[in-house]
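Architecture and fold: a report
The chain contents come next:
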Amino acid sequence: MKQRLEELKEQLHFHNYRYYVLDQPLIADAQYDALLRELQQIEAAHPEWVTADSPTQRVGAAPVSAFTTVAHRRPMLSLGNVFDEEELYAFDKRIADLLRAEGVIQNQAIEYNAEYKFDGLAVSLRYENGLLVQGATRGDGVTGEDITSNVRTISSIPLRLQGEAAHWPAVLEVRGEVLMHRADFEALNQAQLRRGEKIFVNPRNAAAGSLRQLDPRITAQRPLRFFAYGWGEIQVQGTAPHTEPYPTQSAMLDWLRQLGFAVDEHRRVLHGAAALQQFYVHTEQNRAELPYEIDGVVYKVNVLAQQELLGYVARAPRFAVAHKFPAQEMTTKLLSIDVQVGRTGAITPVARLEPVFVGGVTVTNATLHNEDEIRRKDVRAGDTVIVRRAGDVIPEVVAPIIELRPEQTEHFVFPNQCPVCGSAIERPMDEAIARCTGGLVCAAQRKQSLEHAVSRKALDVDGLGTKLIEQLVDANRVKNLADLFTLTQLELSTYPRMGSKSAGNVVLALEQAKNPPLARFIYALGIRHVGEATAKALADHFVRLERLVQANEEELLQIDDVGPVVAAEIVNFFAEPHNREVLGQLEQVGVVPIEPDVQANRVAVTPFSNKTIVLTGTLPTLSRTEAQVLIEQGGGKVTGSVSKKTDFVVAGSEAGSKLTKAQSLGITILNEAQFLELLRS
């Protein structure tokens, strides 16, 4: 039993390393959980076998009343900064001059290790005989705070080093950065909002606040990550104290990676200032694509013997420097707040600003996201505000500086009418985004709504593509869906890349689209949340368009596919006068949907009659749409998720979680051949 416990600990440490450091898991989450549960059961039966390095012991320490002070064995020094190419070349020249004066180099370029400057919280981790014994913040560089219980909760920090114990250093202090990925940060803030708790300004503040929780159980709930970039005290068996086992910065980082730490995988060994500048420019151009925040790059002389020779000045090393990106946060005056209408009708408040240079560009506008954000931040016209711009991300207003707020400022009142088309603005239930309801007439939504209306699954107007729609809308010739049906062959032939024959084909396709099945017509209207299946259910239930237009929420909720949110969207859509006006115009130009013949739609009893079927994977000969049509013709209903109410799952190649869930629920699974055979029967 004791041997099995050690095997489980070893396996779990290894899989933690593969998952959190290499991002290359070898087993599924369920398999990992099973191993962890087995270890927990053994430790529960034998509590005397529990050790501090066990994967079960990441969380368990009681809350503390305050952090104790830790003295760093070797100081955690800060870095000098350069802000432009000229300063970078000056730094490189100083290094070269000093090393040449010592006779270390002749005329060759200096070798550097270039790496990202993570924007998080610096910490030091102390390992003794391979086991994590202490974690501390940087503090003032000489002393920090003991946060051992908190760092133990971070899954990318090994509780014990990787590899064989015989190769572990007797003492190893690993320096690095604790940070939070952008996606994890957004998810954390959403969770904070749902609980009515304060949200964080940026990922760095979120990481710092999470690490300094007095209760490690709170830290354990935060999605923190650790990247190693350096070291402090080292005692390797067989060497003098503070002697590194490898001769270069880059080789030391490779060693830390072998010991189980995540390191910057973008780091490079480069020669000379020109190569460093190129690395900087490339990094700045691509930083927005990174999953985490960085605020610059760091250059360190790569050869450790040269580092030691160069030494330190004040509290910073001579051999290293941070090349900072342009400031991403600045303050400026908020002149006014307007709203913009997006292509889907989303209403976004926009701050109009006094011009300010931030993140390398001059910013005059910044997003305020939505009505709730304005209220939460209490942003008002006339405020002095903090503006942030990160890479190519749209600038945003972070917060007002309340101390500088002028007297008699007023709260922003969100409009109830669209500034583009005058239609009502509605905010769907349980959503943060308000939307314009004038989907058929709003100029801001026009191109997208027209593209959707003529698509293959809607009115299916062949030849009327994106480019032509853009030209018609930009020329102000087409203002709504009804206008499309007034186009002539002669008129269309005057547009670029539209000959007489192509124009004639488009007009013919429009003519053929004037009598679509009611379900396709409903889908073509682009009502939010109304997809193909819901449109068909609405058509089958109401039969006539007029009845659907007049339906209230109570009537709509009688349909299986319609819930409260969808019902509200449908009612709001048809309540908007502009939308009803377009429906009238469509009738005037001859667009009359075909009502479903309920008797004709009745089918003979088949194995799929009144059954719920889920399609998953790729079928050998049938497309997903073709299979769905066959099922519906056979009296069945296709849904997107597997549940206890599912009768059949039709599975093709590369079927995933839906197939697995169906098997666990004991649902009948059919391949394409079995499906077609049942249909023929």
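Note that this is a predicted model, so its numbers are computed, not measured. (Residues numbered from 1 in each chain as written. Predicted model: local features only at pLDDT ≥ 70, side-chain atom pairs only at ≥ 80, totals over all residues. Heavy atoms only, no water.)

1. Digging into the overall build of the protein
Condition: Put simply, DSSP marks the helices as runs of H or I at least four residues long and the strands as runs of E at least two long, and each gets a number from the N terminus on. Throughout, exposure labels follow a simple rule: accessible area from a 1.4 Å probe, protein chains only, divided by the maximum for the residue type, with under 20% read as buried, over 50% as exposed, and the rest as partly exposed. The criterion used for residue contact is that any of the two residues' heavy atoms lie within 4.5 Å. Note that accessible areas follow from Shrake-Rupley with a 1.4 Å probe, and for residues the cover is restricted to the protein chains shown.
Looking only at helices and strands, the protein features 26 helices and 24 strands. Along the first, second and third principal axes, the C-alpha set of the protein runs to 90 × 65 × 55 Å. For the protein, with 681 residues in total, the buried portion stands at 47%. Sequence-distant contacts in the protein: of pairs separated by 6 or more residues, those separated by 24 or more amount to 67%. Carbon and sulfur atoms make up 50% of the accessible area of the protein, which totals about 33800 Å².

2. Some words on the sheet that holds strand 4 (residues 121-128)
Adjacent strands of a sheet form backbone hydrogen bonds with each other and so pair up, either parallel or antiparallel. Rules: Whether two strands pair comes down to DSSP finding at least two bridges between them. Axis angles are defined between N-to-C directions and span 0 to 180 degrees, where every axis is a line fitted to C-alpha atoms and, for a helix, only to the segment in contact.
With antiparallel pairing, the four strands of this open sheet are ordered in space as 5-4-7-8. With one partner strand each, in any of the chains shown, strand 5 (131-137) and strand 8 (225-235) form the two edges of the open sheet. Within this sheet the neighbouring strands show an average axis-to-axis angle of 25°, counted without direction. Taken together, the six bridges between strand 4 and strand 5 define a ladder with antiparallel strand orientation. Bridging from a neighbouring strand, Tyr 127 pairs with Leu 132 of strand 5.

3. Considering the nonpolar core
Soluble globular proteins tend to pack their nonpolar side chains together in the buried interior. Using the following cut-off: Only buried Ala, Val, Leu, Ile, Met, Phe, Trp, Tyr and Cys residues count toward a nonpolar core, and they belong to the same one when joined by side-chain atoms within 4.5 Å.
Formed by 55 residues in total, the largest nonpolar core has its most connected members in Leu 464, Leu 484 and Leu 538. Those residues in contact with Leu 464 that sit more than four places away from it in its chain are Val 454, Ile 469, Leu 472, Leu 484, Val 506 and Leu 510. The next biggest cluster of nonpolar side chains, apart from the first, holds 38 residues, and it includes Val 123, Val 151, Ile 157 and Leu 304.

4. Let's talk about empty space enclosed by the protein
What counts here: Both site types are read off a 1 Å grid over the protein atoms alone. A 1.4 Å probe that fits but cannot get out defines a cavity, while an open set with protein on both sides within 12 Å along at least five of seven lines defines a pocket; lining residues have an atom within 4 Å of a point. Grid points are joined across faces, edges and corners, and a volume is the space filled by probe spheres set on the points. Each residue gets one of three labels, nonpolar for Ala, Val, Leu, Ile, Met, Phe, Trp, Tyr, Cys and Pro, charged for Asp, Glu, Lys and Arg, and polar for the others, Gly among them.
Enumeration over the complete set of coordinates arrives at four cavities of 30 Å³ or more. There is about 70 Å³ of room inside the second largest cavity. Surrounding the second largest cavity, Val 70, Ala 71, His 72, Arg 73, Ser 124, Leu 125, Arg 126, Gln 134, Gly 135, Ala 136 and Glu 173 form its lining. Those elements giving two or more residues to the lining of the second largest cavity turn out to be strand 1 (69-71), strand 4 and strand 5. When its residues are assigned to classes, the lining of the second largest cavity shows four nonpolar, four polar and three charged.

5. Topic: the sheet that holds strand 23 (residues 648-651)
Strand order in the open sheet formed by four strands is 22-21-23-24, and the pairing between neighbours is parallel. One side of each edge strand has no neighbouring strand; the edge strands of this open sheet are strand 22 (637-639) and strand 24 (668-670). Adjacent strand axes in the sheet meet at a mean angle of 35° when their direction is disregarded. Looking at chain direction, strand 21 (residues 612-616) and strand 22 are connected through three bridges and run parallel. The residue bridging Val 614 from the neighbouring strand is Thr 639, located in strand 22. Its contacts with the sheet place helix 24 (residues 624-633) against strand 21 and strand 22, and it is angled at close to 165° to strand 21.

6. Some points on the UniProt feature "binding site: NAD(+)" (unreviewed entry) in the protein
Using the following cut-off: UniProt positions are given in the numbering used here, feature names are shortened, and annotations may be inferred rather than shown by experiment. Polar contact is the term for a pair of N or O atoms within 3.5 Å; when the atoms are in protein, one must be able to donate a hydrogen and the other to accept it, and sequence-neighboring residues count only if both atoms are side-chain atoms.
Under the present numbering, the feature "binding site: NAD(+)" (unreviewed entry) in UniProt falls on Asp 29, Ala 30, Gln 31, Tyr 32, Asp 33, Ser 78, Leu 79, Glu 115, Arg 138, Glu 177, Lys 300 and Lys 324. Taking relative accessible area as the criterion, Glu 177 reaches 8% and is therefore assigned buried. Not counting residues up to four positions away in its chain, the partners in contact with Glu 177 are Phe 118, Asp 119, Gly 120, Leu 121, Ala 122, Arg 225, Phe 226, Phe 227 and Tyr 229. For Glu 177, the side chain forms a polar contact with the main-chain nitrogen of Gly 120, separated by 3.0 Å.

7. Some details on the confidence of the model for the protein
As a reminder of what qualifies: The predictor's confidence in any single residue is recorded as pLDDT, a number from 0 to 100.
Predicted confidence across the protein gives a mean pLDDT of 87, with 94% of residues reaching 70 or more. Within the protein, the element-level pLDDT minimum falls on helix 23 (residues 598-601), averaging 44, and the maximum on strand 9 (residues 268-271), averaging 97. Scored below 50 in pLDDT, residues 598-603 makes six contacts in the model with residues more than four places away or belonging to other chains.

8. Overview of the packing of aromatic side chains
Convention followed: Each aromatic pair joins two rings of Phe, Tyr and Trp (for Trp, the six-membered one) with centres within 6.5 Å, and gets the label stacked for planes under 30 degrees apart, edge-to-face for over 60, and tilted for any other angle.
Under the definition given, this model contains 14 aromatic pairs. Centre to centre, the rings of Phe 118 and Tyr 292 are 5.4 Å apart; their planes meet at 65°, and the pair counts as edge-to-face. Of this pair, Phe 118 sits in strand 3 (residues 111-118) while Tyr 292 is found in the loop between helix 9 (273-286) and strand 10 (294-301), placing the two residues 174 residues apart along the sequence. By the burial criterion, Phe 118 is buried, and Tyr 292 matches it.

9. Topic: the packing of helix 3 (residues 85-101) against helix 9
The condition that has to hold: We call two directions roughly parallel when the angle between them is under 35 degrees, roughly antiparallel when it is over 145, roughly perpendicular when it lies between 65 and 115, and oblique otherwise. Note on convention: the crossing is left-handed when the near helix lies turned anticlockwise from the far helix by less than a right angle, right-handed when the turn is clockwise.
Across the interface, helix 3 lies against helix 9 with an axial gap of 9 Å and an inter-helix angle of 140°. Our classification of the angle between helix 3 and helix 9 gives oblique. When the axes of helix 3 and helix 9 are compared, the crossing they make is right-handed. The residues of helix 9 that touch helix 3, namely those facing Glu 85, Leu 88, Tyr 89 and Asp 92, are Ala 273, Ala 274, Leu 276 and Gln 277. A class-by-class count of the residues in the contact of helix 3 with helix 9 yields five nonpolar, one polar and two charged.

10. With respect to the environment of Val 478
Relative to the elements of secondary structure, Val 478 occurs in the loop between helix 13 (466-474) and helix 14 (481-484). As for Val 478 and Gln 237, which are separated by 241 residues in sequence, their C-alpha atoms are 80 Å apart.

11. Observations regarding unusual backbone geometry
For Arg 497, which is not glycine, the phi dihedral falls at a positive 60°. Looking at the secondary structure, you find Arg 497 in the loop between helix 15 (489-492) and helix 16 (500-512). For Arg 497, a relative accessible area of 70% translates into the label exposed.

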